[in-house]
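Single-letter residue listing:
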Amino acid sequence: MRIKKINDFFSRFGTWQIRNRLPILFVILVVTIAGFLGLSRLVVTSDIDEWFEDSEEIKRNSDLYEEKFGNEDMVMILVEADDVFDPEVLAMIRDLGTELLEKVPYARDIYSLTDMSIAFGDEEGIEIVNPFEDGIPDDPAELAAKKEYIMSRESLVNMLVSDDCGETWLILRLNNYETANEYAEMLLVGKAAKEVLSGEKWQSPAYTLKPTGMAYTETEEAEVVEKEASIRVITGFIVVFICLVVFTRSLRGVIVPVLATLGGIGTVLGFEGHLGIHADSNLITLPVLLSMALAIGYAIHLINMFKIRFRESGSREKAVVEAVGETGWPILFTAVTTIASLLSFLAAGIVSLRWLGATSALTVLAVYLYVVFLIPPLFSFGKDRTKQPAEPGQAEKKAAGKPAAAETPKRAGTGGTDAWFRRFGEKLLKTGTPLLVISFIVIAAFIPGLFRMSVNMEYFSIMGKKIPYIQRLDQIRQTKLGSLYSYTVMIRYDELDAFLEGGRMKNLDALAEKLSGLSMTKVSGTKGRVSSVTKVVKEMNRVFNGDDPAWYRIPDTREELAELILFCDSDSVHENLDEDFSTAVLQVEIMNWDGNKITDDMAKAKVFAGELFPDADCSIIGMVANFAAMNGKIVYGELKSFSGSFVIILILLSLVFAGLSTGLIGMIPNIAPVVILGGIMGYTGTPLDMLTMTIMPMVLGIAVDDTIHFISRIKIELERTGSYRDAVLDSFRALGKTLGMTTVILCAMFVVYVMSPVAMLSRMGLYSIIGLGSALLADYILTPLLIFALKPLGKETRENGENGAASGSA
């Protein structure tokens, strides 16, 4: 494929753009306005359910749980005091519960020391009452008696209240949400609860309140991520703006790329708003950053070439046509390869990553179109200027019939920096094979690190402990009652009243005991924190039998069991057993996050359930199960997306440069930074999470752009000079500064992410800088050395002799 013919086509395209610049600008304006009008409709969520398909088992089971047991979201407040039975503390718990019920949307009921029902039995019979239904007793003896009775209930101690009476839970349970956008409804709940708890009346030296629960913490996370992402994107944009001012030194060279960037990103997200497509708050920064980075890169290549040609000709329109002609093909090809690699996310098997891939591909396409249709027309306006004079001696050489240096190698870049890059290229080619060998040895040293990479969706690792609400959650999980993670074992029969069989209820109790003994189950006192309907049944059986602790067990017969359940508080029973008595759940709280151990525990839990209930459908659901599933999805998704990107880019490079060898050579500088990046992450123990897993495909997508520009330029110069040496050196002179500029700007943008207190954003910034920096070094070193050594672009038509020397002294 001869590059000259392609460049001629793009030159004609540039001429067409100038002739039709006003209609082009009008169309861009209309499309931009239409897109931006949709931004107000864009819904940004952080719902973990968005990561799963409706057809997936874990999603189906989670939906079944909600159908049978209602909303699993709640607001939980850990109350800490010297004695939670102190009248002031009890009064606060009662009043706070009342206010939460009144002011929090979807509030169903309160479960706390002052809002619960327990069984009392005496000679006159058994009744289910709230111990504090008539208020907090003024009589210390009466209060002490109630405290003693509550602390004698095995189902409450170290579940609702700690055995030392220093901690207790206040739990706000919620009704089902009424709209399809459950995440938005949950945030309304969290915001209302936060507003209630911010009141000064709940501040006292007698107690400490530490809120948690999915509805509450998701609201805090959304606020932190939204704030941090906004700060980083805006600050990054300012940094890019400053870099553009420094590097382009042109008002038009700053404003036009900025408009192209904003237009491309805003239009795509706006049309997603029009179409009702939800954006993921944890991932939305990637398409924004990637498109911003690529837009700047495309713009700088085009603008720098325009400036060079404008200096030479003095004509704006001619400079635009020549700039479009020389940069149009490499910019188009880099956009195509990046889009193709991003579309590989569609095969990742994760709903949110599919959104990420599609949105990133569309934003890259959009900023490409904005750059190629906005910059040429706008740069064609204005006055022409005096043509740059020829170098001394060139006219005399031409008149004498001697080859002028400017005729062959020197067509671009005459500034000091351009000349420096050419000298750098000369030194590079002199080192040749030794430098290549050293480079490959360095890259190989990072390969073992790739096999040490791990996936960790642990919440504290993702968010980091610099954030106040994360610090509070860390304190909560270290208390007797507190935990952050839990999973649910669900056993379901098709037959009604299945769990009224005494044997099955006993097996349910046996399963609870087995789950309590698993390695990661949290233990409070001497008991594992496993919630089950069997605790309520055993408590009632004890009351039925004179409150004798020996009767804290499951009754033997179906009739006895049915009678006990009839007397039990309905809400307590149906918290973990559905109204048809066909589905039971056990909630297992875990002490900490260890992905491998938790996965092992859940596998054992499913085996235990299957052994005790061989004729039932047994499943594991909940946040921990979701995270464990996401761990596997991230590994599989990373492999599929990266391998897909690799294959797609290899095919495109091979097709365009007319040979598999050129394609493979072009891939080496792009694989190198990925190997280095992965090796560093493996050696340092940095895990893959929902953001860091996107860095490698992003680096590959950006790195291949520079490689394509470099190889395309070398091919152009080879066709013109006939010499690989001159082609490489002139390519360094033409592109060396531009490649460095784009990388410096991108790295400067990511520096602001390194300073974020959110760990995943900080890691993304750091490793993006490492990846982009190593990608630039690979393109500066590996690409020219491999092209020069292997000569895959065709045969030379001229020796690297006198003209090469002349070129070198130019």
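Residues numbered from 1 in each chain as written. Predicted model: local features only at pLDDT ≥ 70, side-chain atom pairs only at ≥ 80, totals over all residues. Heavy atoms only, no water.

This brings us to helix α3 (residues 57–69). Between the first and last C-alpha of α3 there are 18 Å, a value that for 13 residues agrees with the 18 Å anticipated at 1.5 Å per step. For α3, the set of buried residues is Ile58, Lys59, Asn61, Ser62, Leu64, Tyr65, Glu66 and Phe69. Note on α3: the residue one or two positions beyond its end, Gly70, has a positive phi of about 85°. (Helix = DSSP H or I, 4+ residues; strand = E, 2+ residues; numbered from the N terminus. Expected span 1.5 Å × (residues − 1). Buried < 20%, exposed > 50% of the residue type's maximum accessible area, 1.4 Å probe, protein only.)

Moving on, we get to the sheet that holds strand β14 (residues 617–621). To summarise the sheet geometry, strands pair through backbone hydrogen bonds and adopt either a parallel or an antiparallel arrangement. The four strands lie next to each other as β12-β13-β9-β14, forming an open sheet whose pairing is antiparallel. Bordering the open sheet on either side are β12 (530–531) and β14, each of which pairs with just one other strand. Alignment of β12 against strand β13 (residues 583–590), held across two bridges, turns out to be antiparallel. From the neighbouring strand, Ser531 faces β13, where its bridge partner is Gln587. Here helix α21 (residues 595–612) sits on the sheet and contacts β9 (485–492), β13 and β14; the angle it forms with β14, its principal contact strand, is near 160°. (Pairing = 2+ DSSP bridges. Contact = heavy atoms within 4.5 Å. Axes fitted to C-alpha atoms, helices over the stretch in contact; angles between N-to-C directions.)

Attention shifts here to the packing of aromatic side chains. Per the stated rule, a full pass over the model turns up 21 aromatic pairs. Ring centres 5.1 Å apart and planes at 90° place the aromatic pair Trp420 and Phe421 in the edge-to-face group. Its relative accessible area of 46% is what places Trp420 among the partly exposed residues. Feature note: the residues Trp420, Phe421, Phe424, Phe710, Phe732 and Tyr780 constitute an aromatic cluster, connected by ring pairs. Seen from the ring of Phe608, Lys514 lies directly overhead, with NZ or CZ sitting 4.9 Å from the centre. A cation over a ring is seen here: Lys791 above Phe788, with NZ or CZ 4.6 Å from the ring centre. (Phe/Tyr/Trp six-rings, centres within 6.5 Å; stacked < 30°, edge-to-face > 60°. Lys NZ or Arg CZ within 6 Å of the ring centre and 35° of its normal.)

Below, the discussion takes up the nonpolar core. Grouped together as the largest cluster of nonpolar side chains are 239 residues, with contacts concentrated most on Met463, Tyr487 and Ile491. In contact with Met463, not counting residues within four places along its chain, are Glu221, Val224, Val225, Tyr469, Ile470, Pro757, Val758, Ala759 and Met760. In terms of nonpolar packing, the next biggest core, distinct from the first, is built from six residues, Phe69, Met490, Val585 and Ile621 among them. (Core = buried A, V, L, I, M, F, W, Y, C linked by side-chain atoms within 4.5 Å.)

Below, the discussion takes up the pairing of β14. Looking along a regular strand, one sees side chains alternate from face to face of the sheet. Of all five residues in β14, four are buried; the element is thus mostly enclosed. The pairing of β9 with β14 spans five bridges and is classified as antiparallel. By the bridge assignment for β14, Thr488 is matched with Ile621.

Each pair of packed helices gets described by two things: the angle between the helix axes and the distance between those axes. Contact geometry for helix α14 (residues 433–450) and helix α23 (residues 660–684): axes closest at 7 Å, N-to-C directions at 45°. With respect to α23, the axis of α14 lies oblique. Once α14 is placed against α23, the crossing between them reads as left-handed. On α23, the residues touching Phe440, Ile443, Ala445, Phe446, Ile447, Pro448, Gly449 and Leu450 of α14 are Ile668, Ala672, Val674, Val675, Ile676, Gly678, Gly679, Ile680, Gly682 and Tyr683. Classifying every residue of the contact of α14 with α23 by side-chain character gives 14 nonpolar, four polar and no charged. (Parallel < 35°, antiparallel > 145°, perpendicular 65-115°, else oblique. Left-handed = near helix turned anticlockwise from the far one by under 90°. Nonpolar A, V, L, I, M, F, W, Y, C, P; charged D, E, K, R; others polar.)

What follows covers the packing of helix α8 (residues 251–275) against helix α11 (residues 351–380). At a minimum axis separation of 8 Å, α8 and α11 run at an interaxial angle of 145°. In this structure, α8 meets α11 at a crossing whose hand is right-handed. Here the contact of α8 with α11 is built from residues that sort into 16 nonpolar, seven polar and two charged.

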